[in-house]
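Residue-level structural notes
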2 protein chains.
Amino acid sequence: MNTGVVYIVDDDEAIRDALGWLFQSRGVNAECFVSAEDFLAAWTIGSSGCLVLDIRMEGMTGLELFDRLCEMGAKLPVIFLTGHGDVPMAVSALKKGARDFVEKPFNDNDLVDKVIEALAWEAERMASDADAASLAQRLGNLTLRERQVMEKVLAGKLNKVIADDLGITMRTVEVHRAHLFEKMGVKTAVELAQLLSQRR
Amino acid sequence: MNTGVVYIVDDDEAIRDALGWLFQSRGVNAECFVSAEDFLAAWTIGSSGCLVLDIRMEGMTGLELFDRLCEMGAKLPVIFLTGHGDVPMAVSALKKGARDFVEKPFNDNDLVDKVIEALAWEAERMASDADAASLAQRLGNLTLRERQVMEKVLAGKLNKVIADDLGITMRTVEVHRAHLFEKMGVKTAVELAQLLSQRR
DNA sequence: TTTCCGCTTGTGGATCACCACAATGGCCGA
DNA sequence: TCGGCCATTGTGGTGATCCACAAGCGGAAA
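Everything numeric here is computed off the predicted structure, so don't read it as measured data. (Residues numbered from 1 in each chain as written. Chains lettered and ligands numbered in written order. Predicted model: local features only at pLDDT ≥ 70, side-chain atom pairs only at ≥ 80, totals over all residues. Heavy atoms only, no water.)

A count of helical and extended segments in chain A gives 9 helices and 5 strands. Along chain A, helices and strands appear, N-terminal first, in the series β-α-β-α-β-α-β-α-β-α-α-α-α-α. Taking 200 residues into account, the globule formula puts the C-alpha radius of gyration at 16 Å, and chain A, at 24 Å, lies well above it. The proportion of buried residues among the 200 residues of chain A is 40%. By sequence separation, contacts in chain A at least 24 residues apart represent 61% of the contacts at least 6 residues apart. Summing over all exposed atoms, chain A offers an accessible surface of approximately 10400 Å²; the carbon and sulfur share of this is 52%. Of the side chains in chain A, 23 bear a positive and 31 a negative charge, and the two mean positions are spaced by 14 Å. (Helix = DSSP H or I, 4+ residues; strand = E, 2+ residues; numbered from the N terminus. Rg over C-alpha atoms; globule rule 2.2 N^0.38 Å. Buried < 20%, exposed > 50% of the residue type's maximum accessible area, 1.4 Å probe, protein only. Contact = heavy atoms within 4.5 Å. Areas by Shrake-Rupley, 256 points an atom, 1.4 Å probe, with all protein chains shown as cover. Lys, Arg positive; Asp, Glu negative; His and termini not counted. Charge placed at Lys NZ, Arg CZ, Asp CG, Glu CD.)

What follows concerns the sheet that holds strand β1 (residues 5-9) of chain B. Residues and elements named next belong to chain B. Strand order in this open sheet of 5 strands is β2-β1-β3-β4-β5, and the pairing throughout is parallel. Bordering the open sheet on either side are β2 (29-33) and β5 (100-103), each of which pairs with just one other strand. Adjacent strand axes in the sheet meet at a mean angle of 20° when their direction is disregarded. Bridge count for strand β3 (residues 50-54) against strand β4 (residues 78-82) is 4 bridges, and the pairing is parallel. Counterpart to L53 in the pairing with β4 is F80. Set on the sheet, helix α3 (residues 62-71) makes contact with β3 and β4; between it and β3 the angle comes to about 145°. (Pairing = 2+ DSSP bridges. Axes fitted to C-alpha atoms, helices over the stretch in contact; angles between N-to-C directions.)

Looking at the assigned domains, one finds that chain A contains domain 1 (5-131) and domain 2 (141-198). Placing a centre on the C-alpha atoms of domain 1 of chain A and another on those of domain 2 of chain A gives a separation of 45 Å. (Domains from an automatic or database assignment.)

Attention shifts here to the protein's contact with DNA strand D. Neighbouring DNA strand D are 15 residues, the closest being K160 of chain A together with T143, R145, T169 and T172 of chain B. If you look at DNA strand D and keep only atoms within 4 Å of the protein, 67% of those are sugar or phosphate atoms. Between DNA strand D and R171 of chain B there is a distance of 3.0 Å, counted from a base oxygen to a side-chain nitrogen or oxygen. Broken down by secondary-structure element, the contributors of at least two residues to the surface near DNA strand D are α7 (159-166) and α8 (170-184) of chain A together with α6 (144-154) and α8 (170-184) of chain B. Of all the elements, α8 of chain B adds the most residues to the surface near DNA strand D, at 4 residues. Class assignment for the residues of the surface near DNA strand D results in 4 nonpolar, 5 polar and 6 charged. (Near = heavy atom within 4 Å. Polar contact = N/O pair within 3.5 Å; in protein donor to acceptor, adjacent residues only side chain to side chain. Nonpolar A, V, L, I, M, F, W, Y, C, P; charged D, E, K, R; others polar.)

Residues and elements named next belong to chain A. Here helix α6 (residues 144-154) crosses α8 at 90°, and the two axes come no closer than 9 Å. Considering their axes alone, α6 and α8 lie roughly perpendicular with respect to each other. When α6 is examined against α8, the residues R145, E146, V149, M150 and V153 are found in contact with a partner set consisting of V173, H176, R177, H179, L180 and K183. Classifying every residue of the contact of α6 with α8 by side-chain character gives 5 nonpolar, 2 polar and 4 charged. (Parallel < 35°, antiparallel > 145°, perpendicular 65-115°, else oblique.)

Right, let's talk about the packing of α8 of chain B against helix α9 (residues 189-198) of chain B for a bit. All names here are of chain B. Two elements in contact, α8 and α9, have axes separated by 11 Å at closest approach and are oriented at 50°. The angle between α8 and α9 falls in the class oblique. Crossing handedness for the pair α8 and α9: left-handed. Across from R177, L180, F181 and M184 in α8, the residues of α9 making contact are A189, L192, L195 and L196. Per-class residue counts for the contact of α8 with α9 are 7 nonpolar, no polar and 1 charged. (Left-handed = near helix turned anticlockwise from the far one by under 90°.)

Structure follows, in C-alpha cells:
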C-alpha cells in the first residue's frame, strides 16, 4: 500500500507517459508535469511524495528547480534523471541532498525500486517532522515563566534552586512546573528530558 | 592548528609530491602512500584523518580500498580523485558515504579547503565517537540488576513500582539506583535520561 | 468596567527520594 | 579458606516533591 505519490517532471512526453505507466503498474501513484514551472505552480510545501526530475528541460532546468525547492525548505526526496550529466553536476546535486542521480538510459525496475524506497523514507521523515511540529507547538504554548522553569528543570536543578534563580517562591515554581508538565503532556521530569533530547 | 593528517594515496609520484607539498604549505600534515595496499598495511582502525584517494591505481583500486575500509567499519572521510570518473561511479561512491568526488585536473586550493573541512568534521566525529564509547563502557560496567532498575527509572517509574516489578524491596531499588547513578556519572534521573536519549 | 489569564504566594499533609549505619548470604578468584 | 563483589533488606531521619484548598495582583481583551 503506497499512499505516496511520485512526481515526474520531464519535458519529453514519451518519457512522461512511459514513466507514468511504469509506476502505475507497480502500484505507485504518479503525477506528471511538463516543466519545472508547472510543478512549482502545483506543488505546495509540506506535501509528501518523491520527485523524479529530468535535468535538461526548456525553461527552468531540473537543477534550478531543485535549488528552488531547497530554498523553500522542501525536503522531499529528489531523484535526478539525465542523459547528459557530468560528474561535477552529479556530485553537486548529491551533496546538496538529492537522493539519487540516474543516467539515461536507466533500468525501469531499478528506478521504481529507488522511488519506492524513497517514498518509504519520506513517510518516515514526514512522521518525525509531524512529531517535531507537535513538540514545537506544545513548546509554543508555554508561558515565559514556564519555559524558564523548564530549562532549569532540564538542567537538573531542584525546585529550591530554581526558585532562587528566578527570585520567586518554591511554591510558585511548583505551580509552573505542574503547568508545564501538563502542557507538554508528560508526567515526570524524565519524560520531559527524553522528549527534548531525542530530537537532534 | 590542524592536528589532523591527510593520507594521500596515488600511484603517480608527481601527484603525491605535489599534493604533499601543497598540504604541508597550508599547515596540514600529509602522509603519502604509493598504493592502496600500502595504505591498508599502515592504517589502523580508529586512527583519525582524511583520505585523499586516487581511483585508478595498479593493484587495488581506490574504490576497492574504500569498500574494504567500509567493511572494516572505518568512518574516516574519503575524497576521491579521478581523471576518468563517470557519473555512476561518483554516485555510487557518494551514496556509500564518500565525502567528495573530484575530477582531475582540480583546483589546489579547493581541494585543501575540502580536506580542512573534512578534518574538522572528522575531529567532531571522533569526539562524539569517544563519547559514545565512554557511554557504552559505563553501561557495560553496570550489573544486571542495575540495568534493570535503570530501564524502569527511564520509564519514569517510582522506586516503589520498580520494587514491585522486580519483586524486591524499595530499599534495594534505592541501592541499585544510587550505584548506577554513580557508575553512569550522573546525579539525577534527568541527567541520565539526557545521556541516553541524545545519542539516539 | 468586567472578565480572563498569567504570575504570585501560603498552609499543611501525603509521598517520595536520598543517605548513613548496619547486616546477611551467595559466588568467585586468590 | 579469605576477601571482594553482588544482591538483598532494615531503621530512621532529612529534605524534596506533589497536591488540594485558598487567594491577591496586574495587564489585556471584551
